[in-house]
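Per-entry structural report
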Amino acid sequence: MNPKTASEYPDIVGPPPDKLPAASFQPYIPAAANLPELRVLPVIVGAILGMVFGASSLYLVLKVGLTVSASIPVAVISITLFKVLSKFGRLDATIF
């Protein structure tokens, strides 16, 4: 880098910004794809799993005196459930 470029961009290491190679980013989902964002079945499953894990969390806090967050296990179980349903052709499930 010449001194002018080094003083112009002091925090950049490597080639100057005007000489960077073009990015070759390809999105996983194309922009033209039409994916459903909210459906009834995920809302119902989320409500049921939320009630079950909320009740178990309440029982645990009253019995032992401490509790754990139920959001991560509920997310993992729901994603697994929808993936299993999509394998059997019952549902077109995506992580979105």
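Residues numbered from 1 in each chain as written. Predicted model: local features only at pLDDT ≥ 70, side-chain atom pairs only at ≥ 80, totals over all residues. Heavy atoms only, no water.

1. Points about the confidence of the model for the chain
In regions of low pLDDT, the predicted coordinates are not meant to be interpreted in detail. Which entries qualify depends on this criterion: pLDDT gives the predictor's per-residue confidence on a scale running from 0 to 100. Strands are runs of DSSP state E lasting at least 2 residues, helices are runs of H or I lasting at least 4, and numbering of each runs from the N terminus.
The pLDDT averaged across the chain works out to 77; a share of 72% of its residues lies at or above 70. Between the elements of the chain, mean pLDDT differs from a low of 58, seen in helix α1 (residues 3–8), to a high of 87, seen in helix α2 (residues 40–63).

2. Comments concerning the packing of α2 against helix α3 (residues 71–87)
As a reminder, the rule being used: Only C-alpha atoms enter the line fits that serve as axes; for helices the fit covers just the stretch in contact. Angles between N-to-C directions range over 0 to 180 degrees. Note on angle classes: values under 35 degrees are labelled roughly parallel, values over 145 roughly antiparallel, values of 65 to 115 roughly perpendicular, and the remainder oblique. Here a crossing is taken to be left-handed if its near helix is turned anticlockwise relative to the far helix by less than a right angle, and right-handed if that turn runs clockwise. By the convention used here, residues are in contact when the closest approach between their heavy atoms is within 4.5 Å. Gly is put with the polar residues, along with every residue not named as nonpolar or charged; the nonpolar set is Ala, Val, Leu, Ile, Met, Phe, Trp, Tyr, Cys and Pro, and the charged set is Asp, Glu, Lys and Arg.
Between α2 and α3, whose axes approach to 10 Å, the crossing angle comes to 140 degrees. Classified by the angle between their axes, α2 and α3 sit oblique to one another. α3 is crossed by α2, and the crossing has right-handed handedness. Together, Leu41, Pro42, Val45, Leu49 and Phe53 of α2 and Pro73, Val74, Ile77, Ser78, Leu81 and Phe82 of α3 make up the contact between the two elements. Split into classes, the residues belonging to the contact of α2 with α3 amount to 10 nonpolar, one polar and no charged.

3. Concerning α3
Condition: What a helix is expected to span follows from its residue count: subtract one and scale by 1.5 Å. Only protein chains enter the accessibility calculation, which uses a 1.4 Å probe; a residue whose area is less than 20% of its type maximum is buried, one above 50% is exposed, and one in between is partly exposed. This arc is taken over the directions from the axis of the helix to the C-beta atoms.
With 17 residues, α3 should reach 24 Å at 1.5 Å per residue; the first-to-last C-alpha distance of 24 Å fits that figure. Among the residues making up α3, those that are buried are Val74, Ser78 and Phe82. Around the axis of α3, the buried residues are gathered within 60 degrees of arc, so they sit on the same side. Facing away from the buried side of α3 by over 90 degrees, the exposed positions are Ile72 and Lys87. Buried residues belonging to α3 abut α2.

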